[in-house]
Amino acid sequence: MRLDKLLSQLGAATRSQCRELIKAGRVRVSGIVPRSGEEAVPPGAEITLDGKRLDTRLDRYVMLNKPKDVLTAAEDRRMRTVMDLLPPVYAALGCMPVGRLDRDTEGLLLLTTDGELGHRLLSPKRHVDKTYIARVEGWLDEEDRAAFAAGIQLKDFTALPAALEIIAPDMGRVTVREGKYHQVKRMFGARGKPVKELKRTAFGPLTLDESLRPGEWRELTEEECAALYAVAGMEHE
Ligand code: URA
């Protein structure tokens, strides 16, 4: 890729500002001052701006512990979004949330620049598991567990069988294999036990890193990325 294009994609500045930075000799590619922004950057080259090394990865994979009262959206005029919790370079690179969590739901949210990966992970055909911990009004019992296992009838569809583990009288860990709008809340609601708090703890092969406090994030490890690509049925370079 051309140096000026790469720099602007990495969020260093606009394309024309990047050309100025290059002209001013502030950019080096593997230690050498390039002649112009048109030069192609060889794979694996180290790029520095004012002596500081840039992270040149164009593909990004992020695990965020989404806090309550933050929207799963790219932008919003009034409220903070999950993108506001990441450095601006992630938006510049086209990083997007994979699916959504409600405003009042917290926990694991995957964000990536790989749209195809995200699309496949969300495909209703793929049935990627998602695990949530729900605190409900009322007490959970064996009948709830059996109803979840049988597939709860909602207004417009019957949910696929879901595993419900009762971990406290008013708390359940549920794994669903689909991701319809407000699905988990609607499932508990259908049992007359509305959800008071909801947290996602797993998405496919990813488990929420409990060292991340709400609002904190980290890049996925190589192993986590490979596991996601395997679930999506894709090759990962
Ligand atoms: N199900 C819900 O009801 N809400 C979420 O945020 C996620 C799953």
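Residues numbered from 1 in each chain as written. Predicted model: local features only at pLDDT ≥ 70, side-chain atom pairs only at ≥ 80, totals over all residues. Heavy atoms only, no water.

**Topic: the overall build of the chain**
Right, so step 1: From N to C terminus, the chain includes seven helices and twelve strands.
Right, so step 2: Oriented by its inertia axes, the alpha-carbon framework of the chain measures out at about 70 × 40 × 30 Å.
Right, so step 3: Here the chain holds 237 residues, and 41% of them are scored as buried.
Right, so step 4: In the chain, of all internal contacts separated by at least 6 residues, the share reaching a separation of at least 24 is 64%.
Right, so step 5: Each charge sign in the chain was given a centre, from 38 positive and 37 negative side chains, and these centres are 4 Å apart. (Helix = DSSP H or I, 4+ residues; strand = E, 2+ residues; numbered from the N terminus. Buried < 20%, exposed > 50% of the residue type's maximum accessible area, 1.4 Å probe, protein only. Contact = heavy atoms within 4.5 Å. Lys, Arg positive; Asp, Glu negative; His and termini not counted. Charge placed at Lys NZ, Arg CZ, Asp CG, Glu CD.)

**Regarding the site of the ligand**
Right, so step 1: Around the ligand, the structure places Leu101, Asp102, Thr105, Tyr132, His182, Gln183, Val184, Lys185 and Leu198.
Right, so step 2: Taking 240 Å² as the accessible area of the ligand by itself, protein coverage stands at 94%.
Right, so step 3: If you tally residues by element for the shell around the ligand, the top one is helix α6 (residues 183-190), at three residues.
Right, so step 4: For the shell around the ligand, the residue count by class is four nonpolar, three polar and two charged. (Near = heavy atom within 4 Å. Areas by Shrake-Rupley, 256 points an atom, 1.4 Å probe, with all protein chains shown as cover. Nonpolar A, V, L, I, M, F, W, Y, C, P; charged D, E, K, R; others polar.)

**Comments concerning the pairing of strand β10 (residues 195-203)**
Right, so step 1: One ladder, built from three bridges, connects strand β6 (residues 105-112) with β10; its direction is parallel. For glutamate 106, the partnering residue across the bridge sits in β10 and is lysine 199.
Right, so step 2: Note that strand β7 (residues 130-136) and β10 share seven bridges and pair antiparallel. Counted as the bridge partner of tyrosine 132 is arginine 200 from β10.
Right, so step 3: Direction of pairing for β10 relative to strand β11 (residues 206-207): antiparallel, over a ladder of two bridges. Paired with phenylalanine 203 across the bridge in β11 is leucine 206.
Right, so step 4: As consecutive antiparallel partners, β10 and β11 are separated by two residues, and within that stretch glycine 204 has a phi angle of approximately 55 degrees, a positive value. (Pairing = 2+ DSSP bridges.)

**Let's talk about the pattern of salt bridges**
Right, so step 1: Summed over all chains, the structure comprises 29 salt bridges.
Right, so step 2: One salt bridge connects glutamate 210 with lysine 199, and the closest N-O pair in it is separated by 3.6 Å. With glutamate 210 in the loop between β11 and β12 (217-219) and lysine 199 in strand β10, this pair connects stretches of sequence that are eleven residues apart.
Right, so step 3: We note a salt bridge from glutamate 216 to arginine 213, for which the minimum N-O separation is 2.8 Å. (Salt bridge = Lys/Arg side-chain N within 4 Å of Asp/Glu carboxyl O.)

**Thoughts on unusual backbone geometry**
Right, so step 1: The phi dihedral of aspartate 69 falls on the positive side, at around 65 degrees, and the residue is not glycine.
Right, so step 2: Mapped onto the secondary structure, aspartate 69 falls in the loop between β4 (61-66) and α3 (88-92).
Right, so step 3: Look at histidine 182: it is not a glycine, yet its phi comes out positive at around 55 degrees.
Right, so step 4: Tracing the backbone through its elements, the reader meets histidine 182 in the loop between β9 (171-176) and α6.

**A short note on the pairing of strand β8 (residues 163-168)**
Remark: a regular strand shows side chains that alternate across the two faces of the sheet.
Right, so step 1: For β8 and β9, the ladder comprises five bridges, and the chain directions are antiparallel. Each residue of the ladder has a partner; that of alanine 163, found in β9, is threonine 175.
Right, so step 2: Linking two consecutive strands that pair antiparallel, namely β8 and β9, is a turn of two residues.

**Thoughts on the packing of aromatic side chains**
Right, so step 1: A complete count under the given rule lists three aromatic pairs for this structure.
Right, so step 2: Residues tyrosine 61 and tyrosine 229 carry aromatic rings whose centres are separated by 6.0 Å and whose planes lie at 75 degrees to one another, so their mutual orientation is edge-to-face. Here tyrosine 61, found in strand β4, pairs with tyrosine 229, found in helix α7 (residues 222-232); they are 168 residues apart in sequence, far enough to count as distant.
Right, so step 3: Sitting over the ring of tyrosine 90, arginine 60 keeps its end group 5.2 Å from the ring centre.
Right, so step 4: Here the guanidinium or amino end of lysine 180 rests over the ring plane of phenylalanine 157, the centre of that ring lying 4.1 Å away. (Phe/Tyr/Trp six-rings, centres within 6.5 Å; stacked < 30°, edge-to-face > 60°. Lys NZ or Arg CZ within 6 Å of the ring centre and 35° of its normal.)

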